[in-house]
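An overview of the molecular structure
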Amino acid sequence: MNAVKPVILAMVLVSLSATASAHESRCKKIHADLDEIQSTQGCNPGLASCFLGEVDGNHGLRGTTHFAADSAVSTSPSTSPNFIIYSGPFEYRTARGNISVRETGATTRGPEGVVTAYQQIVSGTGDFTGATGHFFVSGHKTGGTIDTFVNGEICHP
């Protein structure tokens, strides 16, 4: 009976190792540069303004982007009076398919400053169909341009 315990323990460890390997093989670490500008042209239908960008990253995350906030907190916390908290749909459009995410972030008021955001993947097309994952975005706003770095992971089904 005691000889069975080491065998069961070994089977559990092999199973956990296989599960970890499966997660690693279907999930890819993402690193990308993202440059955006605010625009009143080229936005999705019905939008008066948006942010259009170019993304250059690994694992197929190369193409264009589109973002328009659909909500924002106009009153900043008293401890951070210069920040705006916002949220909205963000789209990555690549040759391999599109990724739709929900972005929630904080940015300084005005054309100069910083931006940081969390993006949760909500859907995908093409090679990204069924993908899950998340990205962290952070960078600077300068003269109407937003230069950020994207870091996260995409997991394929």
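Everything discussed here concerns the structure shown above.
Attention here is on the structure that accompanies the text. None of these values were measured; they are calculated from a predicted model.

**Details of the overall build of the protein**
Along the backbone of the protein there are one helix and nine strands. When the helices and strands of the protein are listed from N to C terminus, the series reads α-β-β-β-β-β-β-β-β-β. Counting across all 157 residues of the protein, residues that qualify as buried make up 32%. Of the contacts formed within the protein by residues at least 6 apart in sequence, a portion of 47% connects residues at least 24 apart.

**Examining the packing of aromatic side chains**
Under the defined criterion, the tally for this structure stands at six aromatic pairs. Ring centres 5.5 Å apart and planes at 80° place the aromatic pair Tyr92 and Phe135 in the edge-to-face group. Residue Tyr92 is located in strand S5 (residues 83-94), and its partner Phe135 is located in strand S8 (residues 132-142); the two are separated by 43 residues in the primary sequence. Exposure class is identical for Tyr92 and Phe135. Each is buried. Where Tyr118 meets Phe136, the ring centres are 5.3 Å apart and the plane angle is 55°; that geometry is what we call tilted. Linking Tyr118 in strand S7 (residues 113-124) with Phe136 in strand S8, this pair joins segments that are 18 residues apart in sequence. In this structure Tyr118 comes out as partly exposed when scored by relative accessible area, which is 31%. Among the residues examined, Phe136 registers a relative accessible area of 45% and is labelled partly exposed.

**Details of the environment of Pro89**
Within the secondary structure, Pro89 is located in strand S5. Since its relative accessible area comes to 40%, Pro89 is described here as partly exposed. Here the alpha-carbon distance between Pro89 and Ala68, two residues 21 residues apart in the chain, equals 6.5 Å.

**Details of the pairing of strand S9 (residues 145-155)**
Note: strand S1 (residues 27-39) against S9, eleven bridges, orientation antiparallel. Looking at the pairing, His31 lines up with Asn151 of S9. Alignment of S8 against S9, held across eleven bridges, turns out to be antiparallel. Following the sheet pairing, Val137 is matched in S9 by Val150. As consecutive antiparallel partners, S8 and S9 are separated by two residues, and within that stretch Gly143 has a phi angle of approximately 55°, a positive value.

**Examining the state of the cysteines**
Scanning all chains against the criterion turns up two disulfides. The partner cysteine of Cys27 in its disulfide is Cys155, sulfur to sulfur 2.1 Å. Here the disulfide of Cys27 and Cys155 is right-handed, its torsion about the S-S bond being about 110°. Of this pair, Cys27 sits in strand S1 while Cys155 sits in strand S9, and the two are 128 residues apart along the sequence. By the burial criterion, Cys27 is buried, and Cys155 matches it. Paired by a disulfide, Cys43 and Cys50 hold their sulfur atoms 2.2 Å apart. Taking the sign of the S-S torsion, about -90° here, the bridge from Cys43 to Cys50 comes out left-handed. For the pair formed by Cys43 and Cys50, the shared burial category is buried.

The rules behind the values
- Residues numbered from 1 in each chain as written.
- Predicted model: local features only at pLDDT ≥ 70, side-chain atom pairs only at ≥ 80, totals over all residues.
- Heavy atoms only, no water.
- Helix = DSSP H or I, 4+ residues; strand = E, 2+ residues; numbered from the N terminus.
- Buried < 20%, exposed > 50% of the residue type's maximum accessible area, 1.4 Å probe, protein only.
- Contact = heavy atoms within 4.5 Å.
- Phe/Tyr/Trp six-rings, centres within 6.5 Å; stacked < 30°, edge-to-face > 60°.
- Pairing = 2+ DSSP bridges.
- Disulfide = S-S within 2.5 Å.

These values are about where atoms sit, not about what they do.
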